[in-house]
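Residues per chain are reported as follows:
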Amino acid sequence: MPPRKRPFKSNHPFVPPFAPAKLLKPTPAAATTTVAAPQNEPASSAASVEPRVMPVPKGTSPLDKMVSVLADAGCTLINPSGPPCVPSNLYKFRQRLDGIFSGDSCLRSQFLEGFSDYTSSSFNLRRVLLPCHRDGFGSIRSEALVRVLLLVKSIQQDLLDMLLEKLPEYFNVDPLVSAHGSSSLQLDEDVARLILNQFRWLDFLVSPEAFAEKLLQILTICPHHLKKEIIGSLPEIIGDQNNKTVVNALQQMLQEDSTIIVPVLDSFSNLNLDDLLQDQVIMIALSCIRTIDTEHMPYLLRFVLLSAKASNAGRIISQIRKQLKFVGASQTQISQQSKLKGKSVVDNTKASVLDALRSSLHFNNILCLELLKELKCLEEAREHMVIDIWLLTLIFMNSESLQKSVEKLFKKKILEGCLQEHMFDQCIRDIKDLPKDFVATFLSLAAYLLACKERRAQELGIHIYICLFEESCGVYSRQEVLGALITHVGSGICYEVSAALDAMVKLASKRSQELILLSYHLTGILDYLEGFNVENLHKVYEVFIHLALSAQSSSQIYGCSIANELLMILRKQINNSDLMYKKMGLIGALKIVSYIADMSNGSLPPFSQRSNCEEAVELLRLSLDSCKQLPLPLILFYEELILTLQNRTLHPTIIEWVGKQVAEFETIYLSDLDGGKLAAQDLPYGIEGELWMNLDGDISPVCLNILPLVFLLFRSTSPLQVLPTKFVLLSVVERLANQGSLGGIDALLGCPIHLPSSKLLSEVSWQSLTAKQKQIVILSLYFAANWMRELLNVFSSQVVEECDTISQETKEGITLKLIKRLRNLVHVEYLLDNCLKQHPLHLPELRPHWKLSPVIGFDSVGDLEKMNQPLKGSELISRNQKKNKGKSSSPSGGSNSEERLRQPTLSDIWRKAGATPIQEDLNEDVSVLSSKTRQSASQENQADKSNIPQNIEVSAPVKSLDAQKYNFRPLSMDCFSILVCPENNQDSCCADPSAELPLHLYLLRDLHKKLDHLSPTRKQTFGRSLNAPSEFMGMKSIDFLSKIRPLFPYLRRNFDSAVCILEKGAETCQEHWITQSGLAANPEILNTRISASPSLTSISVFKETLLCFGKMLNLPDLLKETTILSDLLKAFQPMEIPDCFFQGMQLVPSPGNMDYLYSGAFIFLESVFDVATTFSFTLASEVLQTLEFVITSIRMFLNRSPGENGKDTCIGFSKEIIPFLSNKLGSYAQKILKHKFDRDDVGGSLKTKGEMVQKTLRIYLGNYQSTSDSLGKLACSILPQVLSSEAAVENDNQAFLCPATMIVWYRVMHEENISALNNLVKEIALLEKQRGGAKVESIPRLLDKLLQSVSVVVSLVNMCRNNDKVSIHAMAVKYGGKFIDSFLKVFDFLQTQFEIHKDLIIDLIKELQKATRTIQTLCSEAKVVSLNPHLSVGLHLLLFHGFTEPLRELWNDFYFMSRLFFTQLQVDAHSGWAI
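Described below are features of the structure shown in this document. (Residues numbered from 1 in each chain as written. Predicted model: local features only at pLDDT ≥ 70, side-chain atom pairs only at ≥ 80, totals over all residues. Heavy atoms only, no water.)

### Some remarks on the overall build of the protein chain
In terms of helices and strands, the protein chain carries 66 helices and nine strands. When the 1475 residues of the protein chain are sorted by exposure, 53% land in the buried category. Of the roughly 67,400 Å² of accessible surface on the protein chain, a fraction of 52% belongs to carbon and sulfur atoms. (Helix = DSSP H or I, 4+ residues; strand = E, 2+ residues; numbered from the N terminus. Buried < 20%, exposed > 50% of the residue type's maximum accessible area, 1.4 Å probe, protein only. Areas by Shrake-Rupley, 256 points an atom, 1.4 Å probe, with all protein chains shown as cover.)

This is the structure in structure tokens:
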């Protein structure tokens, strides 16, 4: 049968009761026909002409009764012209029917039966479901007849059941439902949806439970499209009467079919749920995160996050983090993306989810704070996910007030190793598909990380920048990334500039083609070159070299311009008369040579019109010619050339050119010897020459000609400044020519040095020398010392490196000569230091400045005379006075608080008034008399002094020389290999028969300085940081650690020798040093002896070893290298670790673990501590500080970042070891404080003794048992006795607690008490933030600790009553104010606990009043000029409106003092002290 279609036009258009959500595609009408319709007539919709209706037969059938009842009520059911017609007054119509049915149940049954028979026809059912005509309203439609009847109370439930039963009959009337997943029929054609519409927004439900149960049963068998519509309409159909039933039913359906999640969430949103059901639906939604399709995820996230409250925000955030897995492309997709250019691996779902998260977090600050709290509590790296980065990024975008917190959290997690590069890759990949503000956010995050000091944070910042650049598809986006990096370059902060240039180097090497198009932006970097150091200059030129070579290879128009512009800039810089710009040009030229002349880069295109080899030679020749007459630029040129030769394999043409330059070394610097003798020479300035330190004896063919070349400094440019660097260049060329061997120049290791006669260094001869002669002697010794330093550097590498051309016998011979040269170096440097003490002199620089700045070179006699003019005593005094005057005049001078708090004397007041005290006049008279008689007295005593032998102790520091050590050539780490070989001293007379301990001390001090530069402290000055050893330039810290790794057993061996000498306690075998010095050919000087006391040397070795050991333990990079750290700890292990040491620990460390090695090092230091305690206070304090370094290292090791693979190497580490060792550390500090040392080796300096006592006391209070108990005992019982007596407290055996150190103890106890209070404040804050508040059992403990802290401050403040020292009074007010400042932070806590712990809190406040009243008395002596009004109002509101009535009277006095502590006090000049 052909399908019957609807007519195109209709005379009765259908007006639906509700506007449809969207227009549906018109489809053919259903093939359903009514029983009354003839077979040959087409079926029609409501919009067509009404078909002929089968007449109702007359009789008493239920159908007749139904029609009759409706007609009597005013409704015309059989309406040939259209739908049924209802009366205009529907209310009366419903009331009439309700009255009829309520009075006659039989009629009601017949009506329902007749209505069921009538609606058994789909046509008739549609008629009663469609809107009706209303009498008197023409064509205006009214509600459907069924909906009108559903509002009749007596028949509502029966009609509802009838309609629900008919609903399944019309589930499958649409053949396109299965294809499209939703109905294609219009609303007036879809009987099921018409029935559903009748249920919406009914005025009442007679039996909502039964209806809901019936509807939910039907819902389980509904087709998918109708099920979703019914679920979404449940709040409109059922209302709020059966929420629990609805929620449970929908939960069950979701478990069976997760595709209905969207209508279910809509239904949940429109239901009026109580708190319990609301939590249930949230948990239902959260459980569906993993099961639903990703297209539905935005709806679910919006529902969940918008339902968040303070009570469930944490749970919601936690579940979203755990369940939401799809955000971000996987690592597999990332690898595929690199192969599929231009194809996206993520769709718009990612953007939709992020938009849902962003909009939900935008105005919900509770969620943001809960998220930050959740992430802060995570400790393990495996607990962090990609979604965390996105959530933090969204908070950063939405909340400006939380941006700082987000940045700090990012940094913390990165440093802890929780956020890795691959996690950021998953976020940034395909970021171009997201809104542009995401790119701006990641740029801001990268900028923050790049500006951090921590290298790990900088690495992540660099990685983000590179990813953003690679993912940017447009020039504008890449220009933004590049502009941000250039901004970092111009910041002027060294570490930030270095990190930004690292990023640009990586971009230039990976994305040079893209950077070429933006090269006009990169030229801005050249504006900042003046502020760059050498390392950063290398990076700048490397960027431009990559661009130039890449442009040349691609034959782009930019290629020649970039290369030509770079060469033009370099030539201008090289030929510039300013040394700073000349250095820039030299570095750039050598950088180009290292690339274009490298044999491994043979396929590179020509850098210019010449070949690369010719261009390299031309650049070298130009650079050398420009600085031949300038020593410092020439040194820099040689240094850069040496690094290039060592790190690159250059073209043979370049090697040949360099060989020609070093061939003149022999002609310039060496002189021939005849039988070990130097030919007679006439030397100017009356200086007699002599050959020093000839290790080869008569067979030596040559000598180093230093003295004649020193004379050239007073005439013209001397090549002596370039000697060390040129010798290193010669050795590099020799290695390249002889396969690593230095056999061709080995004669230089033992050849003598032509220096001024050693007779001139005697006391008598030195006094008779002129100033210029003294300069010649000093400069000769200076150049000789640096020559020997480079000898040690060059030839020690022959011992360390493996070379097939060098035999073991040759290495042993080189080692013996190196030991002798090291003795020569120590001898010369101590002579030089002695000369500088008597004749101060500025020494010329022998290594380049690693900070680019204008420098002064010694190029002529004028410069030398100006710079090397010795300072007279009066000039030194005047300069020091000016320096001290400048320091004292500045408000931030270096004077300590005690000096500022010193009460002015009468002389000070006279001096301010312009008068001069009489005593000063007397002092001036004495000084005048002494200056008049000084010259005659010196002449009389000169003869006596010449007969007194002068002793120079090798263990003493060379202070005059150390002040200019930055000008010296640095020693390499290979020099330590000279003394590494163990010796057999069993049959020796002492622990150091070869007198190598002084040599070890010399190298140990050099290692100490290197460690300081590798990990500088906060107190390290800027000038010191600029003088980093040149070998550190370009050297990674891991390389340095690898070099010092073999030294660990050597350090332990010499440390044991020092301890052995100290235990013997006698000066034994003091002649070993003299004997070995003679074997090294050190010259003997009349009445001047360079000696090495075994005991003094051992003390210095003891201190330096412990300092180096402690610094190495706390190197951040060393803690990451577990193997190197374990080797260091193994070197300082005891012979055995007794089992009793771990007594009291539940988890004992296992042998071989890191905690076991740390414990062994601690035990070893314990044994050393016993020796140091019997010897001196200084050594005991050094051991104590090293023990503290061990515990600090353990904490850093546990808190360090895991490896790159995220593996935690702390597994099995007993964290119980920290409190266990800390308690032992505190007991050792207590032992020092109580011990009476036989010798006072502090040197009589009260400042030094006070600093050492202060450190020891802090260790004792911070580690021994309970800090509060220790403070209470000292403050309440011991310290008051010292104030009332003039001697140390004998009964408690506190040897270092006396009136002289009283101020130190008083200050430290105040600071430690405030620190303990601050820790309590943090603990209380953490407890209050926990869900449920603080635990009941912990509150009394916290209040007791607060009471202890208050008792300590009360006792300390009340000491002022029995002490008249102004400094004590000032510290009481100062630290009392800080204590009150911290105590104010616990007011809220005390208020909440007042009702429960009323008595304890009242006692606490009353106790604190004792201190505030005492301080009030002290403050009354000062004149208070102004108060802080804002703080006063805040305290008033806090104290008088935040507490209950019983507390207010107790706070009155306390409130007044609280205001005083936050005021700005101005004290009169005569009051004696200022706060």
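### Quick word on helix α6 (residues 156–166)
The buried fraction of α6 amounts to eight of the eleven residues, a majority that puts the element mostly inside the structure. When we look at burial in α6, the residues that qualify are Gln 156, Gln 157, Leu 159, Leu 160, Met 162, Leu 163, Leu 164 and Lys 166.

### What about the packing of helix α10 (residues 224–237) against helix α12 (residues 261–270)?
Taken N-terminus to C-terminus, the directions of α10 and α12 make an angle of 5°; their axes are 7 Å apart at the nearest point. Considering their axes alone, α10 and α12 lie roughly parallel with respect to each other. Of α12, the residues touching α10 (which contributes Lys 228, Ile 231, Gly 232, Leu 234 and Pro 235) are Pro 263, Val 264, Ser 267 and Asn 270. Looking at the contact of α10 with α12 residue by residue, the class counts come to five nonpolar, three polar and one charged. (Axes fitted to C-alpha atoms, helices over the stretch in contact; angles between N-to-C directions. Parallel < 35°, antiparallel > 145°, perpendicular 65-115°, else oblique. Contact = heavy atoms within 4.5 Å. Nonpolar A, V, L, I, M, F, W, Y, C, P; charged D, E, K, R; others polar.)

### Here we look at the pairing of strand β6 (residues 702–705)
One ladder, built from three bridges, connects strand β4 (residues 670–672) with β6; its direction is antiparallel. Counterpart to Leu 670 in the pairing with β6 is Leu 704. (Pairing = 2+ DSSP bridges.)

### Topic: the sheet that holds strand β5 (residues 689–692)
Here four strands make up an open sheet; going across it, the order is β4-β6-β7-β5 and the pairing mixed. Each end of this open sheet is capped by a strand with a single partner; those strands are β4 and β5. Put simply, the sheet's adjacent strands are angled 40° from each other on average, direction ignored. Across four bridges, β5 lies against strand β7 (residues 753–756) in antiparallel orientation. When the bridges of β7 are listed, Gly 689 appears paired with Pro 756. Contacts from helix α39 (residues 771–800) reach β5, β6 and β7 within the one sheet, and its direction differs from that of β7 by about 155°.

### Description of the environment of Pro 435
Locating Pro 435 in the fold gives a position in the loop between α21 (421–428) and α22 (436–450). Residue class for Pro 435 comes out partly exposed when judged on its relative accessible area of 41%. Once the C-alpha coordinates of Pro 435 and Ala 351 are considered, the two residues, 84 residues apart in sequence, prove to be 8.1 Å apart.

### Some words on the side chain of Ser 307
Here Ser 307 lies in the loop between α14 (297–306) and α15 (313–323). Looking at Ser 307, the relative accessible area reads 13%, which means it is buried. Engagement of the side chain of Ser 307 in a polar contact is seen with the backbone oxygen of Phe 303, the distance being 2.6 Å. Ignoring any residue separated from it by four or fewer positions in sequence, one finds Ser 307 in contact with Gln 278, Ile 282 and Asn 312. (Polar contact = N/O pair within 3.5 Å; in protein donor to acceptor, adjacent residues only side chain to side chain.)

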